[in-house]
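Structure assessment
Below are the chains, spelled out letter by letter.
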Amino acid sequence: MNPNQTAALRAWLTEQIAACESQRTALWADERQDEANFARIRANVYDIFRTVLKVAEGSPDGETLFAAKLTEIPSAWQKAHDQAERHGDAATLCIERIKLDAAAEVRAKFETIRRDAT
């Protein structure tokens, strides 16, 4: 990715984190702690990928590294999701689904930014 693409993805990730934190604060104030925790989990996923993006920026093949991490990181979450499903662990299943959905959003945005630059 070129510097403009990287900046666009970083800005989007930062916006998502801020939106999740704002949502979390509002939900917590409304005494909806479970939903507030779900917003925090989403924010954490975006922050993980923002950190990966920062590392990728310093790499000679940053785009490939970031794309690989977009597959590698969620694969662990998918395994945890599948195990929770087999064991009927609804709480873990919900948390892993939130992580997987947020990671899918990051992947979609990454692909959109790459596609729009060509």
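Scope of this entry: the structure provided in the associated data block. Numbering of residues starts from 1 in each chain and follows the order in which that chain's sequence is written. The predicted nature of this model means local features are confined to residues of pLDDT at least 70 and side-chain atom pairs, given and counted, to a pLDDT of 80 or more, with totals for whole chains, interfaces and linings taken over all residues. Hydrogens are left out, water is left out, and the side-chain values use all remaining heavy atoms of the structure.

**Some points on the packing of aromatic side chains**
In this scheme Phe, Tyr and Trp rings, the latter by its six-membered ring, pair at centre separations within 6.5 Å, and the angle between planes marks the pair as stacked below 30 degrees, edge-to-face above 60, and tilted otherwise. Under the defined criterion, the tally for this structure stands at 4 aromatic pairs. Taken together, a centroid distance of 6.2 Å and an interplanar angle of 75 degrees make the contact between Phe49 and Phe66 edge-to-face. Taken together, the residues span a long stretch of sequence, with Phe49 in helix H2 (residues 33-57) and Phe66 in helix H3 (residues 62-87) at a distance of 17 residues. Here Phe49 and Phe66 have matching classes, each one buried. Each helix is a run of H or I in the DSSP string that is no shorter than four residues. Each strand is a run of E no shorter than two, and both are numbered from the N terminus. Note on classification: 1.4 Å probe, protein chains only; a residue is buried when its accessible area is under 20% of the maximum for its type, exposed when over 50%, partly exposed between these limits.

**Some remarks on the nonpolar core**
With 22 residues, the main nonpolar core has Leu9, Leu13, Tyr46, Phe49, Phe66, Trp77 and Val106 as its most contacted residues. The element contributing the most residues to this core is H2, with 7 residues. Setting aside its immediate chain neighbours within four residues, Phe66 contacts Leu9, Phe49, Val52, Leu53, Ala56, Val106 and Phe110. Think of a nonpolar core as a cluster: buried Ala, Val, Leu, Ile, Met, Phe, Trp, Tyr and Cys residues, connected wherever their side-chain atoms sit within 4.5 Å. Only heavy atoms matter for contacts: two residues are in contact if any of them lie within 4.5 Å across the pair.

**Some remarks on the pattern of salt bridges**
Here, a salt bridge means any side-chain nitrogen of Lys or Arg that lies within 4 Å of a carboxyl oxygen of Asp or Glu. Using the criterion set out here, one finds 10 salt bridges in the structure. With its nearest N and O atoms 3.5 Å apart, the salt bridge here joins Arg32 to Asp30. According to the relative accessible area criterion, Arg32 is partly exposed, its value standing at 34%. Residue Glu35 is joined to Arg32 by a salt bridge in which the shortest nitrogen-to-oxygen separation is 2.7 Å. The class for Glu35 is partly exposed, based on a relative accessible area of 35%. Salt bridges linked by common partners bring Asp30, Arg32 and Glu35 together as one network.

**Side note on unusual backbone geometry**
Its identity is not glycine, yet Glu31 carries a phi of approximately 60 degrees, on the positive side. With respect to the helices and strands, the residue Glu31 is situated in the loop between helix H1 (3-29) and H2.

**A few points about the state of the cysteines**
Here, two cysteine sulfur atoms that lie within 2.5 Å of each other are counted as a disulfide. Using the criterion set out here, one finds 0 disulfides in the structure. Lacking any disulfide linkage, Cys94 is separated from the closest cysteine sulfur, that of Cys20, by 14 Å. Residue Cys94 is classed as partly exposed on the basis of its relative accessible area, which comes to 32%.

**What to know about the packing of H2 against helix H4 (residues 90-116)**
Angles shown run from 0 to 180 degrees and are taken between the N-to-C directions of axes, each axis being a line fitted to C-alpha atoms and, for helices, limited to the stretch in contact. It is at 9 Å that the axes of H2 and H4 come closest, and there the two elements cross at 40 degrees. As the angle between them shows, H2 and H4 are arranged oblique. At the point where H2 passes H4, the crossing takes the right-handed sense. Where H2 approaches H4, its residues Phe38, Ile41, Arg42, Val45, Tyr46 and Phe49 are matched on the opposing element by Cys94, Ile95, Ile98, Lys99, Ala102, Ala103, Glu105 and Val106. Residue polarity follows a fixed list, in which Ala, Val, Leu, Ile, Met, Phe, Trp, Tyr, Cys and Pro are nonpolar, Asp, Glu, Lys and Arg are charged, and the others, Gly among them, are polar. In terms of residue class, the contact of H2 with H4 is made up of 11 nonpolar, no polar and 3 charged. Oblique is the label for any angle not under 35 degrees, not over 145, and not in the 65 to 115 range, which are roughly parallel, roughly antiparallel and roughly perpendicular in turn. Whether a crossing is left-handed or right-handed is set by the direction in which the near helix is turned from the far one by less than a right angle, anticlockwise for left-handed and clockwise for right-handed.

**A short note on the environment of Glu105**
One can find Glu105 in helix H4. We classify Glu105 as partly exposed; its relative accessible area is 36%. Considered as a pair, Glu105 and Tyr46 are 59 residues apart in the sequence and their alpha carbons are 9.3 Å apart. Contact partners of Glu105, with chain neighbours within four places excluded, come to Trp12 and Tyr46.

From the geometry alone we can't say anything about function, so treat these as descriptive.
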